[in-house]
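# Secondary and tertiary structure notes
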Amino acid sequence: MPYIKKMIFDQSDIDQIDFLDTKLKDVDLSQAKFETLVVNPELIKGMIINPWQASLLIGLLGVVVKD
């Protein structure tokens, strides 16, 4: 069986999925649909997301974005 280097969630609805204790390096969520995720902040380094998802994720990390 070939080794999978990258996991992609193409057009998947993964809202509220639990990724606790999961290293998300090279996991491509850029085409997935979600509002919230359950993650360990220290394990998301290298995760691939799109700009809109970045705005959601930054809030999950406790960062406040001000206009």
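Cut-offs and rules
Residues numbered from 1 in each chain as written. Predicted model: local features only at pLDDT ≥ 70, side-chain atom pairs only at ≥ 80, totals over all residues. Heavy atoms only, no water. Helix = DSSP H or I, 4+ residues; strand = E, 2+ residues; numbered from the N terminus. Buried < 20%, exposed > 50% of the residue type's maximum accessible area, 1.4 Å probe, protein only. Contact = heavy atoms within 4.5 Å. Core = buried A, V, L, I, M, F, W, Y, C linked by side-chain atoms within 4.5 Å.

## Details of the overall build of the protein chain
Within the protein chain, the regular secondary structure consists of one helix and two strands. Tracing the protein chain from N to C terminus, the helices and strands come up as β-β-α. When its C-alpha atoms are laid out on the principal axes, the protein chain stretches across 50 × 25 × 20 Å. The buried share of the protein chain, taken over its 67 residues, is 27%.

## Observations concerning the environment of Trp52
Considering the arrangement of structural elements, one finds Trp52 in helix α1 (residues 51-60). Looking at Trp52, the relative accessible area reads 49%, which means it is partly exposed. In sequence terms Trp52 and Ile14 are 38 residues apart; their C-alpha atoms lie 15 Å from each other. Beyond its immediate sequence surroundings of up to four residues, Trp52 is in contact with Phe34 and Glu35.

## Some points on the environment of Ile49
Following the sequence through the fold, Ile49 ends up in the loop between β2 (27-28) and α1. Judged by its relative accessible area of 26%, Ile49 is partly exposed. Residues Ile49 and Leu29 lie 20 residues apart in sequence; the distance between their C-alpha atoms is 5.2 Å. Residues within four places of Ile49 in sequence aside, it is in contact with Leu29, Ser30, Ala54 and Leu57.

## Focus on the nonpolar core
By size, the foremost hydrophobic cluster in this structure holds 14 residues, and its most contacted members are Phe9, Ile14, Phe19, Leu24, Leu29 and Leu37. Excluding anything up to four places from it in sequence, Ile14 contacts Phe9, Phe19, Leu29, Ala32, Lys33, Phe34, Thr36 and Leu37.

## Section: the environment of Leu29
In this fold, Leu29 is placed in the loop between β2 and α1. As for Leu29 and Val64, which are separated by 35 residues in sequence, their C-alpha atoms are 22 Å apart. Those residues in contact with Leu29, other than ones at most four positions away along the chain, are Phe9, Ile14, Phe19, Phe34, Leu37, Met47, Ile48, Ile49 and Gln53.

These figures come from the coordinates and say nothing about function on their own.
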